[in-house]
Each structure stands twice: as structure tokens, then as C-alpha cells.
Amino acid sequence: MGVGKFSTGFENFAKLPLSGTLSTMKSPLFSLAALFILLSTCGGTSADQPQIDGENVLRHVERIVAYGPHPAGSENQKKVGEYIKEQLTLSGLLPMTQSFEAVTPEGKVQMVNIWAELRGKSNRVIVMGSHYDSKLFRDFRFVGANDSGSSSALLLEIAKVLSRQKTPDSTFWFVFFDGEESFGEWSSADSLYGSRHFVHELKKRGEIGTIGAVILLDMVGEKDLVIRQDTFSTPWLSQLIWMTAAEKGCVDVFSPAGAVSVQDDHLPFLEEGIAAVDIIDIDYAYWHTAEDTIDKLSAGNLQIVGSVVLESLSEISRRIKGDD
Ligand SMILES: [Zn+2]
């Protein structure tokens, strides 16, 4: 993703109310009780709701990072792709691939988008996406446990859970984009290779109109997870998801405070007028460093993000049906 000048710098401001609340707590007993209430509400799922298992998600991350650095076009990235296809197949889905050659500052690079479809009652599609390449760094070993092992792993778990449920209202596509990361300095030409190609192909086949909404996941697993709404994302879709999170008591993770502006794989869809949201925590201390390793991730937080996404789906389906 691209941040830098696009971050609005609300990070520190947004954290103030929480630390203020904790410091005014009267006794350790009270804070323990408050903590218990928080833990017992957020992340819980209603009885009819399928369950995301955060430990399963971490196991997928473990497998992905075990392949080592895996930038687009690398041998390791092929292995990560094989793992994703194998896991989608185990979930009873049929993985599809889209190979293409991208022209990058590193020369021509072969990339592969991977996706699977879960057919619903309606042909209207909700895309759930994550990039599965790790950024190329030559001077240190970068495995990208959070960026973007966390979201790829969570997407595998979401796909598994949903494929075991009764036929959904909307059709779901689980899409793993290659080449999200730039090879050189981030620019509109050097980034988002996979998502730009995916949208281009859909347009070519006249299928872009089938997509009703896109939910993009990126860097969703850190222990200190605070996700703020992204200003590029479609307002009704962001609000619906943050509202779902608030109803579940998950305002510590899906923060109502502050905003960020992130360039990510949702942009090519937004440019075509498709509703899209980026669920991303850009305030990650280990972003694009050798320390972006699995010990920085939290099974509980991955489970929260997965549960909020799952609980939002029926309402999103209802909203996009009206566009038919
Ligand atoms: Zn990145």
C-alpha cells in the first residue's frame, strides 16, 4: 500500500481517549472488570454466525512466512500461490488463476492472481481480497507476516468458513492479488499490478458490472490493532462495517476516531465506480522491516476482523441487491 503523504496523521490523537479512560479508572479491580467485559463482548459471534478460528489463521501465516521472502515473480511466490490454491481446494472451492506479465522497474515480471468463487443465490458479487506478495527488499530479509500474510491467511479462513455454510445470498469471490507492492518508489504505475490487471480483465469481458462491493483486507493481524476508516473507501460500505463492529463492542479495533487515506488494491475498483473498502491498520511499527514476523501477530485480533467481516456480509448483500 502507499501511505507517506497520504496518511492524515490522526494516529496519536485517536489513541488519546483510550489512555485517558484507563488512567481515570478507580481501582485495578475496576480495570480488570472493564477488561473482562471488553474481552467477553468483542469477538463473540451470534449463535447463527459461523466461527473464525484465529489460531487457524496464524497457522496459515506460519506456512506462508516459512516460504521466506516472496515478492511477485519469485520462486517463493509460486510456492505461496500453490499453498493458497491447495487450501482453497481443501475448502471445496475451485481455484482459478490469471497469469500476466507486468512491466516494472525491475523489467518484465510474471505475476499470477488467484481466486475462487462461492456461488450464491444472486449473481451479484462481493469480492473479498488480499495481496499475497511480500515487498522486495534486497538489503534485509522481509517475510511480511502482517503485510500481507495476515490478510491472505484470514481470507483462507473466511473462505473455508463460508464454504461450509448454506448458500449465501450474494456470490463471493475470494481474490488473492499478486504484485500489490511497488518495486521502486511507490507510484500509480509501479504498484497494484494484480488488482489493476484483474479489473482490466473484468472490463474486457464485460463482467465488471457483476461486482457489487469489494472488501479488501491488508495488515489486519498485529497485536496493537487499531483500524481507522480510509477516506478513499466508499462511505456507506465503511460505515456499515464500522457500525457492525461497534454493535459487537469492537470499537478498540475498528476505531471510530480519526481517518487514514491509503492507496491499495481497492483503488482500481473505486475508479470503476464500484463500492470498495480497505480494512487496514497502517500504524504498524514493523511495517516494511525485517521485524514484520509472526510473533507480532494476535490470533484474537485476526478473529475479530474475520468475525466483523462475516457479520457485515448479509447487510452488504441486502444493500447491493438494490443495485440489480
Ligand atoms: Zn506492504
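Look up a bit, the structure's there.
The structure reproduced in this document is the subject of the present report.

About the thresholds
- Residues numbered from 1 in each chain as written.
- Predicted model: local features only at pLDDT ≥ 70, side-chain atom pairs only at ≥ 80, totals over all residues.
- Heavy atoms only, no water.
- Disulfide = S-S within 2.5 Å.
- Helix = DSSP H or I, 4+ residues; strand = E, 2+ residues; numbered from the N terminus.
- Buried < 20%, exposed > 50% of the residue type's maximum accessible area, 1.4 Å probe, protein only.
- Core = buried A, V, L, I, M, F, W, Y, C linked by side-chain atoms within 4.5 Å.
- Pairing = 2+ DSSP bridges.
- Expected span 1.5 Å × (residues − 1).
- Contact = heavy atoms within 4.5 Å.
- Salt bridge = Lys/Arg side-chain N within 4 Å of Asp/Glu carboxyl O.
- Donors = N, O, S within 2.8 Å, 3.2 Å for Na, K, Ca; no water.

### Details of the state of the cysteines
According to the stated counting rule, one finds one disulfide in the structure shown. In this model Cys 42 forms its disulfide with Cys 250; the gap between the sulfur atoms is 2.2 Å. Its S-S torsion of about 110° marks the bond between Cys 42 and Cys 250 as right-handed, since a negative value means left-handed. Here Cys 250 lies in the loop between helix H7 (235–247) and strand S7 (254–260) and Cys 42 lies in the loop between helix H2 (28–41) and helix H3 (54–66), a separation of 208 residues in the sequence. Judged by its relative accessible area of 12%, Cys 42 falls in the buried class. The buried category is assigned to Cys 250, whose relative accessible area is 0%.

### Concerning the nonpolar core
In this structure, Met 128, Ile 158, Phe 174, Phe 254, Ile 279 and Val 305 are the most contacted members of the largest nonpolar core, which totals 59 residues. Of all the elements, helix H9 (residues 299–321) adds the most residues to this core, at ten residues. One finds Phe 198, Val 199, Val 214 and Ile 274 within the second-largest nonpolar core, a separate group that totals 16 residues.

### Examining the pairing of strand S2 (residues 107–118)
Pairing of strand S1 (residues 96–104) with S2, which is carried by nine bridges, proceeds in the antiparallel orientation. Of the residues in S2, the one forming a bridge with Thr 104 is Gly 107. In this structure, the hairpin formed by S1 and S2 is closed by a connection of two residues. One ladder, built from five bridges, connects S2 with strand S4 (residues 171–177); its direction is antiparallel. By the bridge assignment for S4, Glu 117 is matched with Trp 173.

### Considering helix H6 (residues 193–204)
Compared with an ideal rise of 1.5 Å per residue, which puts twelve residues at 16 Å, H6 spans 16 Å between its outermost C-alpha atoms and is within 8% of the ideal. The set of residues buried in H6 consists of Tyr 193, Gly 194, Ser 195, His 197, Phe 198, Val 199, Glu 201 and Leu 202. Buried residues along H6 sit in contact with S1, S2, S4, strand S5 (211–218) and helix H8 (267–270). Directly after H6, the chain includes Gly 206, whose backbone phi takes a positive value near 70°.

### Describing the pattern of salt bridges
Tallied over the full model, the rule gives twelve salt bridges. The salt bridge partner of Arg 205 is Glu 207, with a shortest N-O separation of 3.3 Å. Classification of Arg 205 by relative accessible area gives partly exposed; the value is 40%. Owing to a relative accessible area of 29%, Glu 207 belongs among the partly exposed residues under this scheme. Two residues, Glu 311 and Lys 248, come together in a salt bridge whose shortest N-O distance is 3.2 Å. Taken together, the residues Glu 311 in helix H9 and Lys 248 in the loop between H7 and S7 connect sequence positions 63 residues apart.

### Thoughts on the coordination of the zinc ion
Protein coordination at the zinc ion: the donors are Asp 147 (OD), Glu 181 (OE) and His 288 (NE2), at 1.9 to 2.3 Å from the metal. Counting gaps between the donor residues of the zinc ion yields the pattern D-x33-E-x106-H. Here Glu 181, found in the loop between S4 and H6, pairs with His 288, found in the loop between strand S8 (275–280) and H9; they are 107 residues apart in sequence, far enough to count as distant.

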